[in-house]
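Here's the letter readout for the chains.
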Amino acid sequence: MSFPTNEALNRIYGAEADKAEERYRHLEKMFGESFPDAADKESLRYFTAPGRTEIIGNHTDHNGGQILAASITLDTVAAAVRTDDGLVRIISEGYRKAIEVNTLELEKATPENTAGSTALVAGILTAAKEFGYKIGGLRAYVTSAVIPSAGVSSSASFEMLVCSMINAFFNSGEISIAQYARMGQFAENRFWKKASGLMDQMACAVGGTIFLDFSDGVKYEPVDFAFGDLGCDMILVNTGKGHADLSEEYSSIPNEMRKAAGALSGILGGDGSGSHNLCEFPAETFYANLPAVRRAVNDDRAVLRAMHFYEECARVKATVAALEKGDKEAVLSAIEASGNSSWKWLQNTYVSGEHNEESVALTLALTEKFLTEHVPEEGSAQVSRGVTRIHGGGFAGVIMCVVPHALTEEYVEFISPLVGRENVYAMNIRRVGAAEV
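Everything numeric here is computed off the predicted structure, so don't read it as measured data. Sequence order as written defines residue numbering, which begins from 1 separately in each chain. Totals for whole chains, interfaces and linings use all residues, but because this is a predicted model, local features are given only for residues with pLDDT of at least 70 and pairs of side-chain atoms are given and counted only at 80 or more. Hydrogen atoms and water are omitted, and side-chain values are computed over all heavy atoms in the structure.

So, the overall build of the chain
Line of reasoning, step 1. Secondary structure is summarised from DSSP: a helix means a run of H or I of at least four residues, a strand means a run of E of at least two, and numbering begins at the N terminus for each. When you go through the chain residue by residue, the secondary structure sums to 13 helices and 12 strands.
Line of reasoning, step 2. Over its C-alpha atoms the chain spans a radius of gyration of 22 Å, differing by no more than 12% from the 22 Å that the globule rule assigns to 437 residues.
Line of reasoning, step 3. Principal-axis analysis of the C-alpha atoms gives the chain an extent of 65 × 60 × 45 Å.
Line of reasoning, step 4. Each residue gets one of three labels from its accessible area relative to the maximum for its type: buried under 20%, exposed over 50%, partly exposed in between, using a 1.4 Å probe on protein chains only. In the chain, which comprises 437 residues, the share counted as buried stands at 57%.
Line of reasoning, step 5. Surface exposure here means Shrake-Rupley accessible area, sampled with a 1.4 Å probe, where a residue is shielded only by the protein chains that are shown. Here the chain displays about 18300 Å² of accessible surface, and carbon together with sulfur accounts for 48% of that area.
Line of reasoning, step 6. Only four residue types enter the tally: Lys and Arg on the positive side, Asp and Glu on the negative side, with His and both chain ends excluded. Charge coordinates come from a single atom per side chain, which is NZ of Lys, CZ of Arg, CG of Asp or CD of Glu. A gap of 4 Å separates the mean positions of the 39 positive and 58 negative side-chain charges of the chain. Just to be clear, the radius of gyration here is over C-alpha atoms, and the globule rule we use is 2.2 Å times residues to the power 0.38.

Here you go:
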């Protein structure tokens, strides 16, 4: 293989192709310095996997719901080469310790004796083997522009990058995108003990905007949409606090939704256990039995979160229909309504009891104020206003702002004193998912 062609870089990065070429030249250089005996330049192969944005469908995947998601223009990239020694060794820029997993002794790389990114790689390799795919040794140098611990799926981006290397080096491209996602989920569930769904992995792996349906396994359909179609930029604002210590808050959402589903099951004559998902029951059945569900769960937040699930799934479907009709204002209104539901019903813009640390809610409030007071001049944008919402898991991390082009620079200047200019990212949706470049 040779260095990525201009055509390949343009296809993936568009106007940012020149900057991308600099990154790949850096990869080439650092790979050579890190693995001087591994291969010459002509043997190197290059890979990319984007982060993701969730447009509508906040916290619905784990209960069998629907989501509108997309890959973003921040990505994780690698220069890599296959080896014959069975050892997977990955150096990730900015981290002292290399990731090492011996595929010839994979049974020794267990969830109990691995941690961090090493655990993810061990989990993906284990999944590939259990799913019937081939694995082997490789060397890779990786660098990432995906914001870590901030709700844009830096971990899923890395996972899908590793999957793409395993696919290219050992399986002749036969592993499907859906299997990529399942391998990443397997790694997080088994090796990180994180009860993640498949949304993050699918959105990073597929590329572009996709409609995801988790009601019966995982199904997806491409959707023709980018924020540029609205005359807008997508701006992600990292509000500060990371996600590292929020496992209990994240777990409470699917658990409370399942508690409501279990209560409804019991009311309808089922087993009443917490193993049910809300997707098993129509929205009208839930609302018809809401008073009884409330009494059974004795937890109003669980009821509100179940309401969010049903309304959010309906919003996803309505938004896909609006996109097909070209109804831009309806799309904006749906994103705005989704954000309000996350804030008021799902309640994942802050950690209960920590009123001194509400950086997400504060940034959302100031952004709403800005967007209310700043409207593009007539004819300067395809839409008349901007909207904002929590992004990703919530409680901390990132908010998403859909801002008309004419207001982007002004908004960035407005919000930067609060969060720091380095934490404000203007971007768009990327058409290419996890792939060899």
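Thoughts on the sheet that holds strand S9 (residues 387–390)
Line of reasoning, step 1. Reading across from one edge, S9-S10-S8-S11 is the order of the 4 strands in this open sheet, with antiparallel pairing throughout. Pairing within the sheet leaves two strands with one partner each, and these edge strands are S9 and strand S11 (424–427). Sheet twist, expressed as the average angle between the axes of neighbouring strands with direction ignored, equals 20 degrees.
Line of reasoning, step 2. Strand pairing is assigned whenever DSSP identifies at least 2 bridges connecting the two strands. Looking at chain direction, strand S8 (residues 232–238) and S11 are connected through 4 bridges and run antiparallel. By the bridge assignment, Ile235 is partnered in S11 with Ala426.
Line of reasoning, step 3. Contacts are assigned to residue pairs with any non-hydrogen atoms lying within 4.5 Å of each other. For helices, the axis comes from a line fit to the C-alpha atoms of the stretch in contact; other axes are also lines fit to C-alpha atoms, and the angle between any two N-to-C directions lies between 0 and 180 degrees. Sheet strands in contact with helix H12 (residues 359–373) are S8, S9 and strand S10 (398–404), and its direction is about 170 degrees off that of S9.

Looking at helix H9 (residues 290–297)
Line of reasoning, step 1. What H9 keeps buried is the set Leu290, Val293 and Val297. Taken end-on, H9 shows its buried residues confined to a sector of 55 degrees, consistent with a single buried face.
Line of reasoning, step 2. Buried positions along H9 lie against helix H7 (247–267), helix H8 (283–288) and helix H10 (300–325).
Line of reasoning, step 3. One or two positions beyond H9, positive phi appears at Asn298, with a value near 50 degrees. This arc is built from the directions going out from the helix axis to the C-beta atoms.

Focus on the pattern of salt bridges
Two side chains bearing opposite charge may form a pair once their charged atoms approach each other closely.
Line of reasoning, step 1. Salt bridges are defined as contacts in which a side-chain nitrogen from Lys or Arg sits within 4 Å of a carboxyl oxygen from Asp or Glu. Applying the stated criterion across every chain, the model contains 23 salt bridges.
Line of reasoning, step 2. Arg45 serves as the salt-bridge partner of Glu436, at 2.8 Å between the closest nitrogen and oxygen. With Glu436 in strand S12 (residues 435–436) and Arg45 in strand S1 (residues 45–56), this residue pair connects regions lying 391 residues apart in the sequence.
Line of reasoning, step 3. Looking at Glu436, the relative accessible area reads 24%, which means it is partly exposed.
Line of reasoning, step 4. The shortest N-O distance in the salt bridge between Glu105 and Lys108 comes to 3.5 Å.

Digging into empty space enclosed by the protein
Line of reasoning, step 1. A 1.4 Å probe that fits into a set of points on a 1 Å grid over the protein atoms alone but cannot get out defines a cavity; an open set with protein on both sides within 12 Å along at least five of seven lines defines a pocket, and lining residues are those with an atom within 4 Å of a point. Grid points are joined across faces, edges and corners, and a volume is the space filled by probe spheres set on the points. Per the counting criterion, the structure on display carries 1 cavity of 30 Å³ or more.
Line of reasoning, step 2. Roughly 30 Å³ of volume is contained in the largest cavity.
Line of reasoning, step 3. Gly339, Asn340, Trp343, Thr349, Leu364, Glu368, Thr388, Arg389 and Ile390 are the residues that line the largest cavity.
Line of reasoning, step 4. Looking at the lining of the largest cavity, the elements that each hand over two or more residues are helix H11 (328–346), H12 and S9.
Line of reasoning, step 5. Polar here means any residue outside two lists: the nonpolar Ala, Val, Leu, Ile, Met, Phe, Trp, Tyr, Cys and Pro, and the charged Asp, Glu, Lys and Arg; Gly therefore counts as polar. Looking at the lining of the largest cavity residue by residue, the classes come out as 3 nonpolar, 4 polar and 2 charged.

Considering the packing of helix H5 (residues 177–191) against helix H6 (residues 199–206)
Line of reasoning, step 1. Viewed as axis vectors pointing N to C, H5 and H6 meet at an angle of 140 degrees, and their least axial separation amounts to 8 Å. It follows that H5 is oblique to H6 by the angle criterion. Every pair of crossing elements has a handedness; the one defined by H5 and H6 is right-handed. Residues Ile177, Ala178, Tyr180, Ala181, Gly184, Gln185 and Glu188 of H5 form the contact with H6, whose participating residues are Gln201, Met202, Ala205 and Val206.
Line of reasoning, step 2. Split into classes, the residues belonging to the contact of H5 with H6 amount to 7 nonpolar, 3 polar and 1 charged. Roughly parallel here means an angle under 35 degrees, roughly antiparallel means over 145, roughly perpendicular means 65 to 115, and every remaining angle is called oblique. Should the near helix be turned counterclockwise from the far one by less than a right angle, the crossing is left-handed, whereas a clockwise turn marks it as right-handed.

A word on the environment of Met234
Line of reasoning, step 1. On the secondary structure map, Met234 appears in strand S8.
Line of reasoning, step 2. In this structure, the C-alpha to C-alpha distance between Met234 and Met400, residues 166 residues apart in sequence, is 6.9 Å.
Line of reasoning, step 3. Apart from the residues lying within four places of it in its own chain, the contact partners of Met234 are Thr53, Ile72, Phe227, Met400, Cys401, Tyr425, Ala426, Met427 and Asn428.

Looking at the layout of surface pockets
With a probe scaled to a water molecule rolled over the atoms, the places where space remains empty come into view.
Line of reasoning, step 1. Estimated volume of the second largest pocket: approximately 500 Å³.
Line of reasoning, step 2. If you go around the second largest pocket, you meet 21 residues; those closest to its centre are Tyr13, Glu16, Thr73, Ala426 and Met427.
Line of reasoning, step 3. The set of elements that each furnish at least two residues to the lining of the second largest pocket consists of helix H1 (6–13), helix H2 (17–34), strand S2 (66–83) and S11.
Line of reasoning, step 4. With 4 residues, H1 is the largest single contributor of residues to the lining of the second largest pocket.
Line of reasoning, step 5. Residue composition of the lining of the second largest pocket, by class: 8 nonpolar, 5 polar and 8 charged.

Some points on the pairing of strand S7 (residues 219–223)
Line of reasoning, step 1. Pairing between strand S6 (residues 209–213) and S7: 5 bridges, direction antiparallel. Each bridged residue has a counterpart across the sheet, and for Ile210 the counterpart in S7 is Pro222.

Some points on the environment of Glu410
Line of reasoning, step 1. Within the secondary structure layout, Glu410 lies in helix H13 (residues 408–419).
Line of reasoning, step 2. A relative accessible area of 40% places Glu410 in the partly exposed class.
Line of reasoning, step 3. Glu410 sits 131 residues away from Cys279 along the chain, and the two C-alpha atoms are 42 Å apart.

Comments concerning the packing of aromatic side chains
Any aromatic ring pair is given by two values, namely how distant the centres are and how the planes are angled relative to each other.
Line of reasoning, step 1. A pair of aromatic rings is counted whenever rings of Phe, Tyr or Trp (Trp by its six-membered ring) have centres within 6.5 Å, and the orientation is called stacked for planes under 30 degrees apart, edge-to-face for over 60 and tilted otherwise. In total, this model carries 16 aromatic pairs according to the counting rule given.
Line of reasoning, step 2. Between the aromatic rings of Phe225 and Phe227, the centroid separation amounts to 5.1 Å while the plane-to-plane angle is 75 degrees, which identifies the pairing as edge-to-face.
Line of reasoning, step 3. Among the residues examined, Phe225 registers a relative accessible area of 2% and is labelled buried.
Line of reasoning, step 4. Overall, the relative accessible area of 0% leaves Phe227 in the buried class.
Line of reasoning, step 5. With a centroid separation of 5.2 Å and 35 degrees between ring planes, the pair formed by Phe286 and Tyr310 is classed as tilted. Taken together, the residues Phe286 in helix H8 and Tyr310 in helix H10 connect sequence positions 24 residues apart.

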